[in-house]
Structure formats: structure tokens, C-alpha cells
Amino acid sequence: MSKPLIVVVEDETDIQDIITYNLKREGYDVLTASRGDQGLSLIQAKNPDLVILDIMLPGIDGLTICQQLRASPKTKALPIIILSAKEEESDIVIGLGLGADDYIPKPFSPRELLARVKAVLRRSFAQKSQAQDQDQIRRGDLIIDIDRHQAIHQGTALKLTATEFKLLLVLASHPGRAFSREQLLNRVVGDAVVVVDRNIDVHIRSVRKKLGAQTGLIETVRGVGYRFADQR
Ligand code: CA
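The rules we used
Residues numbered from 1 in each chain as written. Predicted model: local features only at pLDDT ≥ 70, side-chain atom pairs only at ≥ 80, totals over all residues. Heavy atoms only, no water. Helix = DSSP H or I, 4+ residues; strand = E, 2+ residues; numbered from the N terminus. Rg over C-alpha atoms; globule rule 2.2 N^0.38 Å. Buried < 20%, exposed > 50% of the residue type's maximum accessible area, 1.4 Å probe, protein only. Areas by Shrake-Rupley, 256 points an atom, 1.4 Å probe, with all protein chains shown as cover. Lys, Arg positive; Asp, Glu negative; His and termini not counted. Charge placed at Lys NZ, Arg CZ, Asp CG, Glu CD. Pairing = 2+ DSSP bridges. Axes fitted to C-alpha atoms, helices over the stretch in contact; angles between N-to-C directions. Contact = heavy atoms within 4.5 Å. Phe/Tyr/Trp six-rings, centres within 6.5 Å; stacked < 30°, edge-to-face > 60°. Lys NZ or Arg CZ within 6 Å of the ring centre and 35° of its normal. 1 Å grid on protein atoms, 1.4 Å probe; cavity = no way out; pocket = protein on both sides within 12 Å on 5 of 7 lines; lining within 4 Å. Points joined across faces, edges and corners; volume = space filled by probe spheres on them. Salt bridge = Lys/Arg side-chain N within 4 Å of Asp/Glu carboxyl O.

Peer 1: Would you take a moment to explain the overall build of the protein chain for this structure?
Peer 2: A tally of helices and strands in the protein chain yields 8 helices and 12 strands. Here the protein chain has a C-alpha radius of gyration of 25 Å; the compact-globule value for 232 residues is 17 Å, and the former is much larger. In terms of principal-axis extent, the alpha carbons of the protein chain reach across some 70 × 35 × 30 Å. Taking all 232 residues of the protein chain together, the buried fraction comes to 41%. When the accessible area of the protein chain is evaluated, it comes to approximately 13,000 Å², of which 49% is carbon and sulfur surface. In the protein chain, which carries 32 positive and 30 negative side-chain charges, the distance between the mean positions of the two groups comes to 11 Å.

The following block contains the structure:
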């Protein structure tokens, strides 16, 4: 695993230096910006694992940066720690309200800084791996593991071709929704470079057989195509 990348946006050079020194010593990759606008561009360009953000900054202030990061789908979940002097406590409250994960009051000790950074990164990685676990679709006895490209039915791994797997995935991702043969073909062939049999019925027949013909998981929609049974 590569080192976590942390972007530090802080205009006071000595504080920026202390943070950078301590983070690097702890094994993190660090990039810095002294202006808010530069910081925002840097974050958007580098997509770091964590941002340490001062509030009072030239260009754009930290609270606005925080708000903009939360508003963008790409950086919506990016961990943010805001830095603030004690007399700016109300800014901390606003910052947390805008979605910052934590704050560090200035002045701070390196130990305090590292403890907060580690805690926020740990929470963030835990959330990410939880999200990855959801790369799995469960429909009754059927589990489709998207990462592993594997479908398991009643505890047995199905020996599906790549086309059959995609077909089952498309259908099972939208239970109850009818797909035309053409829609299914487009989704299955989509980015594939391999030549597949363009007759969807052939693939469906094969998937049904592998699922066990009696399961009824894939229903025929007369005159349209197919749908995955809505079991709710
Ligand atoms: Ca400042």
C-alpha cells in the first residue's frame, strides 16, 4: 500500500513547516499550499487521503474550501481537519457544521497533531473498506461478488462465462425492472472486446440452467425481454 497523501493548506510558514516535518517523519506524503485558492486546486488535482486546512487564508478562506469540497461528489467524503486559533472557536463550530471531520486548536503539539491525523485516517479507511464490502449484491440465496467476478447461489459458486456474469449482474442490480434484449446486449457487450453471441436468449438460458432451472430468479417479460424476480 502506498503512503497516505496529506495536503496541508496553511499560510503561516513556520506552522506549515512543523506540520510537514512531523507528518513526513511519521511516513506520510505531504503537499503544501499557502493560499486557499492554490490549496483547493491542489486538493482537486491530487485527490489526497486527508486535508489539513487552516481557516484564515489568503485567496479563499478555509471554511469556503471545506464547503466546496463537500459539495463536489469527488471530494464529498474526503477527510478534513481544520486548524484554528483558540479565539476563532466559532469558526471551528462552523467548520464542523460544514462537514470537517475534526479540528486542531492552535497552538498544538506534534503528538496531538499526529493523534488526530491517525484517528481521522483510521475512520476514513474503515469507512472505505465497509463501502467496498458493499460491492456485493445479495438477493435471497444469490450473492454476486462484483470485485471477484463471482456469483454464489445457495453456497455454490456458479461457473458463469464473463457474458453470463454481466448479464446476471445487470438483472440482479435492478430487481423487478424489465430489460429489453437490446438493453441487455448493450450492457453486456458494452466495453467488452471479446466477440460474444449476440443472442441474449442463449445466454439467459445458460444462466438459468446454472442457477437451477426451477429457481425462477430470471423471469421472462413477454414481448419485452427479461427481469430479475423482485423477491421483496
Ligand atoms: Ca492563517
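Peer 1: Just checking my understanding: could you explain the sheet that holds strand β3 (residues 50-54) for this structure?
Peer 2: Spatially, the 5 strands line up as an open sheet ordered β2-β1-β3-β4-β5, and their pairing is parallel. Both edges of this open sheet fall to β2 (29-33) and β5 (102-106), since each of them pairs with a single strand only. On average, each strand axis in the sheet is inclined to that of its neighbour by 20°, with strand direction left out of account. With 5 bridges joining them, strand β1 (residues 5-9) and β2 adopt parallel strand pairing. Looking across to β2, one finds that valine 9 is bridged to alanine 33. Seen against the sheet, helix α4 (residues 89-97) touches β4 (80-85) and β5 and runs at an angle of roughly 165° to β4.

Peer 1: Please clarify how the packing of aromatic side chains should be interpreted in this entry.
Peer 2: The relative placement of two aromatic rings is captured by the distance of their centres and the angle of their planes. Applying the stated criterion across every chain, the model contains 0 aromatic pairs. Cation over ring: arginine 116 sits above tyrosine 103, and NZ or CZ is 5.6 Å from the ring centre.

Peer 1: How should the pairing of strand β6 (residues 136-139) be read in this particular structure?
Peer 2: The side chains of a regular strand alternate between both faces of the sheet. One ladder, built from 4 bridges, connects β6 with strand β7 (residues 142-145); its direction is antiparallel. Counterpart to arginine 138 in the pairing with β7 is isoleucine 143. Two successive antiparallel strands, β6 and β7, enclose a turn made up of 2 residues, where glycine 140 displays a positive phi of approximately 60°.

Peer 1: I'm lost on the sheet that holds β7 in this one. Help?
Peer 2: Ordered by their spatial adjacency, 4 strands build an open sheet running β6-β7-β8-β9, and the pairing between neighbours is antiparallel. Looking at which strands have only one partner, the edges of the open sheet turn out to be β6 and β9 (156-157). Two strands pair when backbone bridges link them, and β7 and strand β8 (residues 150-153) are joined in this way by 4 bridges, in the antiparallel orientation. Paired with isoleucine 144 across the strands is alanine 151, a residue of β8.

Peer 1: What should I look at first to understand the layout of surface pockets in this one?
Peer 2: Sizing a probe to match a water molecule and rolling it over the atoms shows the empty space that remains. Here the largest pocket is characterised by a volume of approximately 330 Å³. Ala77, Leu78, Pro79, Ser124 and Lys128 are the residues nearest the centre of the largest pocket, which is lined by 18 residues in total. Take the lining of the largest pocket: its biggest share by element is 6 residues, from helix α5 (residues 110-133).

Peer 1: Is there a simple way to think about the pattern of salt bridges in this case?
Peer 2: Proximity of charged atoms lets side chains of opposite charge pair with each other. The tally for this structure, following the rule as stated, stands at 13 salt bridges. Between lysine 106 and glutamate 12 there is a salt bridge whose closest N-O contact spans 3.3 Å. Here lysine 106 is found in strand β5, whereas its partner glutamate 12 is found in the loop between β1 and α1 (13-25), with 94 residues between them in sequence. Each of Glu10, Glu12, Asp54 and Lys106 takes part in one network of salt bridges that share partners.

Everything listed here is a matter of geometry and, on its own, says nothing about what the molecule does.
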